[in-house]
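Each chain, written out:
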Amino acid sequence: MIHNSTRFERTKEESHTDALTGLPNRALLHDRMTQALSQARRTARPLAVLFLAVLVAPVVEEIIFRGLLQRGLMSVLPPWVAIGIQGLLFGAAHVSPDRGMGNIGLALVLAAVGVVFGIAAHLTRRLGPTMIAHAIVNAVALAADCVRGDIVGRLKEATSGAG
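What counts and what doesn't
- Residues numbered from 1 in each chain as written.
- Predicted model: local features only at pLDDT ≥ 70, side-chain atom pairs only at ≥ 80, totals over all residues.
- Heavy atoms only, no water.
- Helix = DSSP H or I, 4+ residues; strand = E, 2+ residues; numbered from the N terminus.
- Buried < 20%, exposed > 50% of the residue type's maximum accessible area, 1.4 Å probe, protein only.
- Contact = heavy atoms within 4.5 Å.
- Areas by Shrake-Rupley, 256 points an atom, 1.4 Å probe, with all protein chains shown as cover.
- Phe/Tyr/Trp six-rings, centres within 6.5 Å; stacked < 30°, edge-to-face > 60°.
- Lys NZ or Arg CZ within 6 Å of the ring centre and 35° of its normal.
- Salt bridge = Lys/Arg side-chain N within 4 Å of Asp/Glu carboxyl O.
- Patch = residues over 30% accessible without salt bridge, like charges linked within 9 Å, V, L, I, M, F, W, Y side chains within 5 Å.
- pLDDT = per-residue confidence, 0-100.

S.K.: Help me understand the overall build of the chain in this model?
M.R.: Assigned secondary structure in the chain consists of 6 helices and 0 strands. Beginning at the N terminus, the succession of helices and strands in the chain can be written as α-α-α-α-α-α. Counting over 163 residues, the chain shows a buried share of 26%. Taking contacts inside the chain between residues at least 6 apart in sequence as the whole, the part at least 24 apart equals 54%. Of the roughly 10,900 Å² of accessible surface on the chain, 69% is carried by carbon and sulfur atoms.

Structure representation (structure tokens):
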């Protein structure tokens, strides 16, 4: 039993580090950001959620997907293929097991967003504009999530008070 637990912890640690350098990888960053966002929501720290979702995530994700991945792929593939691949990977990176079948629509929409951001980064040869656009998309999504949460909360209050 202890041996399996040790093996699980070692496998988990290996999945969050680069095999060659031993440095933290994107999976660890995504895991830590997801944890931070979840904790901020639970502890009612809206400024932390706002900071991570609107400022940190767009910068980090644009550097990874459009800066490193897309440019790397474009060195060996035609631009339209590289843009398509990074878009699909961008959508897939936002899949979360707790969303269930909701992942399909989310992944497709975010893959399309990734392609649009990829085209913009390719045409402008800059990440700044896509970082700003990404921050705006995240801010709108966060605002919609807050409004939806408020509406759901009010509906729950109304139905529990009526019964």
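Picking up where we left off.
S.K.: What should I look at first to understand the packing of aromatic side chains in this one?
M.R.: Centre-to-centre distance and the angle between the planes together describe a pair of aromatic rings. The full count for this structure, using the stated rule, is 1 aromatic pair. Ring geometry for Phe65 and Phe90: centres 5.2 Å apart, planes at 85°, overall edge-to-face. One end of the pair, Phe65, is in helix H3 (residues 46-74); the other, Phe90, is in helix H4 (residues 79-93), and 25 residues separate them in sequence. Classification of Phe65 by relative accessible area gives buried; the value is 4%. You can call Phe90 buried: its relative accessible area is 2%. Over the face of the ring belonging to Phe90 we find Arg66, whose NZ or CZ atom lies 4.5 Å from the ring centre.

S.K.: What should I look at first to understand the side chain of His134 in this one?
M.R.: The topology assignment puts His134 in helix H6 (residues 128-162). In this structure, His134 is in contact with Pro58, Glu61, Glu62, Arg66, Phe90 and Phe117, ignoring residues within four places of it in sequence.

S.K.: Just checking my understanding: could you explain unusual backbone geometry for this structure?
M.R.: Working note: non-glycine residues mostly have negative phi, and peptide bonds are mostly trans. Positive phi, normally seen in glycine, also occurs at Arg125, with a value near 55°. Mapped onto the secondary structure, Arg125 falls in the loop between helix H5 (102-124) and H6. In this structure Arg125 comes out as exposed when scored by relative accessible area, which is 56%.

S.K.: It is not clear to me how the pattern of salt bridges should be interpreted in this structure. Could you clarify?
M.R.: Between side chains of opposite charge, a pair can form when the charged atoms approach closely. Across all of its chains, the model carries 1 salt bridge by this definition. Of the charged contacts, one joins Glu62 and Arg66 as a salt bridge, the two residues approaching to 2.6 Å between their closest N and O atoms. Pair noted here: Glu62 and Arg66 are both in helix H3, with a separation of 4 residues, about one helical turn. With a relative accessible area of 1%, Arg66 lands in the buried category.

S.K.: What is the right way to read a nonpolar patch on the surface from this model?
M.R.: On the surface, Val59, Ile63 and Leu68 cluster together to form a nonpolar patch covering roughly 250 Å² of accessible area. When you line up the elements, Leu68 lands in helix H3.

S.K.: Can you walk me through the confidence of the model for the chain in this structure?
M.R.: Close inspection of predicted coordinates is inappropriate in any region flagged by low pLDDT. Residues at a pLDDT of 70 or more form 65% of the chain, whose mean pLDDT is 80. Within the chain, helix H1 (residues 2-15) has the poorest average pLDDT of any element, 64, and H4 the best, 96.

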